[in-house]
Amino acid sequence: MHMPIHPNFMALLFFFFFCQSLAFATTYNILDFGAKPHANSDSTNSLSKAWSLACASTKPSTVYIPQGRFLLKNLHFKGPCRNKAITFRIDGTLVAPSDYNAIGNVGNWLLFEGADGVTIRGGTLDGQGAPLWACKKSGRNCPTGATTLGFSNSKNVAVSGLRSLNSQMFHIVINGCENVKLQGVKVLASGNSPNTDGIHVQLSTGITILNSKISTGDDCISIGPGATNLWIENVGCGPGHGISIGSLGKDYEEAGVRNVTVKTTTFKNTQNGLRIKTWARPSKGFVKGVFFQHAVMTNVQNPIVIDQNYCPDHKNCPGQVSGVKISDVTYQDIQGTSATQVAVKFDCSKRSPCQGIRLEDVKLSYKNRAAEASCSNAAGTTAGIIEPSSCLY
Ligand SMILES: *[C@@H]1O[C@H](CO)[C@@H](O)[C@H](O)[C@H]1NC(C)=O
């Protein structure tokens with residue numbers, strides 16, 4: 001039987017395929033490029049090929065990593081790309097080489113550079129850092145180690161539901177970026193692993209870190225020079241060294257840190273809670289406009305600390321003072337327990353004293369008794385309950 005095809009039907013059909021081509025991203029499954037889901041077969045070239053195609057596509061595209069463990073050497077995902085909507089959908093685990101020498105001197109294991117509009121959803125990154133940590137602790141000569149996941153000079157990046165395990169060095173580094181949102185990130189490494197910072201942000205603006213949990217051996221989140229408009233909310237830290245602005249002021253010419261919000265955080269058994277740290281060296285750096293709100297400390301060695309006398313090994317700075325100017329820093333609703341007597345410490349620069357420190361509803365105890373506060377060169381105001389009582393002038 002002959003069915004005449006109505007012209008409207010043709011139009012509809014055409015419209016349908018047209019919409020599909022817009023709505024559905026092309027998917028590049030790394031298995032189609034020879035990747036093998038077990039960690040004794042190198043999948044570096046397969047993922048590299050999938051990225052090249054996704055990046056060359058003029059349509060939104062997805063790089064798909066299915067379940068399994070995929071061994072990868074260091075990879076550089078370099079933009080610009082021909083579309084601004086590339087998604088990495090990861091169901092499996094990406095595994096770094098077990099021999100740390102393979103990537104120990106290249107800086108980054110997985111690096112995005114010059115990317116615009118990259119999303120990473122799910123997945124586990126296993127840096128296999130433990131042998132390198134052991135090497136470092138033995139005092140032998142070891143490579144520096146690689147950052148697990150880096151974003152450099154990139155914008156409009158979203159990362160959600162990602163787990164990073166046992167990085168050789170820092171877990172995630174955001175450098176020179178704009179508009180990056182990390183959420184539901186889990187970082188897990190041993191409490192005595194060296195230099196395994198959870199998330200490091202520098203020279204970047206409009207960075208948001210939400211709903212994340214970071215257990216590691218170094219800073220939970222570290223904030224370097226030139227971080228502005230940074231928003232951190234609902235983050236749990238511990239073990240580790242807490243959330244740190246700094247170290248800053250190592251260089252004389254240095255970009256400042258401005259407009260940082262750290263809201264609803266918990267710290268458990270960490271070395272620090274909320275810290276600002278600068279080298280005791282001349283610098284044009286500054287920290288201006290920080291809002292620490294709603295933090296709960298459990299057995300934290302230095303719950304609130306500004307340390308402007310950082311001079312490791314007393315090298316290159318003895319007898320000097322920090323030039324970094326710290327101003328407008330608010331601590332609001334900070335509660336819990338200190339693991340040491342001094343729960344609040346403002347050790348500011350003699351040359352550029354801290355200004356506009358504001359304490360509001362701070363309640364920190366030590367062994368069920370009042371803790372102590374210690375101040376030098378720190379000016380500011382208080383409101384509400386302040387325990388230990390303030391020593392700001
Ligand atoms: C401060 O940063 C937040 C994002 O973290 C932004 O929404 C706000 O506009 C910034 N404020 C100023 C004065 O730039």
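The rules behind each value
- Position labels on residues start from 1 in each chain and follow its written sequence.
- Since the coordinates come from a predicted model, pLDDT governs what is reported: local features require at least 70, and pairs of side-chain atoms require 80 or more to be given and counted, while whole-chain, interface and lining totals use all residues.
- Values reported for side chains reflect all heavy atoms of the structure, with hydrogen atoms and water molecules removed beforehand.
- UniProt positions are given in the numbering used here, feature names are shortened, and annotations may be inferred rather than shown by experiment.
- Numbered from the N terminus, helices here are DSSP runs of H or I no shorter than four residues, and strands are runs of E no shorter than two.
- When accessible area is computed with a 1.4 Å probe and restricted to protein chains, residues below 20% of their type maximum are described as buried, those above 50% as exposed, and intermediate ones as partly exposed.
- Residues are treated as being in contact if the distance between any of their heavy atoms lies within 4.5 Å.
- Lys and Arg are tallied as positive, Asp and Glu as negative. Neither His nor the chain termini are counted.
- Charge placement uses NZ in Lys and CZ in Arg. For Asp and Glu, CG and CD serve respectively.
- N or O atoms within 3.5 Å of each other form a polar contact, as long as, within protein, one can give a hydrogen and the other can take it, and as long as residues adjacent in sequence are counted only when both atoms are side-chain atoms.
- Regarding the arc, it is the one traced by the directions from the helix axis to the C-beta atoms.
- Two kinds of site are reported from a 1 Å grid over the protein atoms alone, namely cavities, where a 1.4 Å probe fits but cannot get out, and pockets, open sets with protein on both sides within 12 Å along at least five of seven lines, and residues are called lining when an atom falls within 4 Å of a point.
- Grid points are joined across faces, edges and corners, and a volume is the space filled by probe spheres set on the points.
- The classification used treats Ala, Val, Leu, Ile, Met, Phe, Trp, Tyr, Cys and Pro as nonpolar, Asp, Glu, Lys and Arg as charged, and all other residues, Gly among them, as polar.
- Put simply, two rings from Phe, Tyr or Trp (the six-membered ring, in Trp's case) pair if the centres are within 6.5 Å, and we call them stacked under 30 degrees between planes, edge-to-face over 60, tilted for the rest.
- Two conditions define a charge sitting above a ring: the NZ of Lys or the CZ of Arg must be within 6 Å of the ring centre, and it must be within 35 degrees of the ring normal.
- Being paired, for any two strands, means DSSP has found at least two bridges between them.
- How far a helix is expected to stretch is found by multiplying one less than its residue total by 1.5 Å.
- What counts as an axis is a line fitted to C-alpha atoms, over the stretch in contact for a helix, and the angles between N-to-C directions run from 0 to 180 degrees.

- An unreviewed UniProt entry lists the chain under the name Polygalacturonase-like, with Sesamum indicum as the source organism.
- On record in UniProt, under Sequence similarities (unreviewed entry), the comment for the chain is "Belongs to the glycosyl hydrolase 28 family."
- Its UniProt record gives the chain a comment under Subcellular location (unreviewed entry), which states: "Secreted, Cell wall".

### Observations regarding the overall build of the chain
- Scanning the chain from N- to C-terminus turns up three helices and 30 strands.
- Projected onto its principal axes, the C-alpha coordinates of the chain cover approximately 95 × 55 × 40 Å.
- By residue count, 50% of the 393 residues in the chain fall in the buried class.
- In the chain, 75% of the contacts between residues at least 6 apart in sequence involve partners at least 24 apart.
- Charge separation in the chain, taken as the distance between the mean sites of 36 positive and 24 negative side-chain charges, equals 3 Å.

### What to know about the UniProt feature "active site" (unreviewed entry) in the chain
- Residues given the UniProt feature "active site" (unreviewed entry) here are His241.
- Inspection of the secondary structure puts His241 in the loop between strand S19 (227-237) and strand S20 (243-248).
- Each residue touching His241, except ones within four places of it in the same chain, is listed here: Gly217, Asp218, Asp219, Gln271, Asn272 and Arg275.
- Only 3.2 Å separates the side chain of His241 from the backbone oxygen of Gly217, close enough to count as a polar contact.

### Quick word on helix H3 (residues 130-138)
- Turning to H3, its buried residues number three or more, namely Leu132, Trp133 and Cys135. Down the axis of H3, the buried set is contained in an arc of 160°. They therefore lie on one face.
- Looking one or two places after H3, you find Gly139, whose phi comes out positive at around 80°.

### Things to note about the layout of surface pockets
- As a volume, the largest pocket reaches approximately 830 Å³.
- Forming the walls of the largest pocket are 40 residues, and the residues nearest its centre are Phe170, Asp197, His200, Gln202 and Ser247.
- Among the elements of the structure, strand S7 (108-113), strand S10 (147-152), strand S13 (172-175), strand S16 (199-202), strand S18 (221-223), S20 and strand S22 (272-279) are those that each provide at least two residues to the lining of the largest pocket.
- Counting residues per element, the lining of the largest pocket draws most heavily on S10, at four residues.
- When its residues are assigned to classes, the lining of the largest pocket shows 13 nonpolar, 18 polar and nine charged.

### Looking at the packing of aromatic side chains
- Following the criterion strictly, the structure yields 11 aromatic pairs and no others.
- With 5.3 Å between their ring centres and 80° between their planes, Phe88 and Phe112 make a pair best called edge-to-face. With Phe88 in strand S5 (residues 86-90) and Phe112 in strand S7, the pair connects residues that are 24 residues apart, well separated along the chain. Per residue, the accessibility class of Phe88 equals that of Phe112, and both read buried.
- By the ring-pair criterion, three or more aromatic residues cluster together here, those being Trp51, Phe77, Phe88, Phe112 and Phe151.
- The ring of Tyr310 is capped by Lys277, whose NZ or CZ atom sits 3.9 Å from the centre of that ring.

### Some points on the pairing of S20
- Of all the six residues making up S20, five are buried; the element is thus mostly covered by neighbouring parts of the structure.
- With three bridges joining them, S18 and S20 adopt parallel strand pairing. Paired with Ser222 across the strands is Ser244, a residue of S20.
- Alignment of S20 against S22, held across four bridges, turns out to be parallel. Bridging from a neighbouring strand, Ile245 pairs with Ile276 of S22.

### Focus: helix H2 (residues 44-56)
- Helix length check: H2 (13 residues) gives 18 Å between terminal C-alpha atoms against 18 Å at 1.5 Å per residue, within 8%.
- For H2, the set of buried residues is Thr44, Ser46, Leu47, Ala50, Trp51, Ala54 and Cys55. Taken down its axis, H2 places every buried residue within 170° of arc, on the same side.

### A closer look at the sheet that holds S7
- Within the open sheet, the 11 strands sit side by side as S4-S7-S10-S13-S16-S18-S20-S22-S24-S26-S29. Their pairing is parallel. With one partner strand each, in any of the chains shown, strand S4 (75-78) and strand S29 (372-376) form the two edges of the open sheet. Taking each pair of neighbouring strands and ignoring which way they run, the sheet shows an average axis angle of 15°.
- By the bridge criterion, four bridges tie strand S24 (residues 302-310) to strand S26 (residues 342-347) in an arrangement that is parallel. Considered in S26, the bridge of Ile306 is made with Phe346.
- Packing of H2 onto the sheet brings it into contact with S4 and S7, and relative to S4 it is tilted by some 0°.

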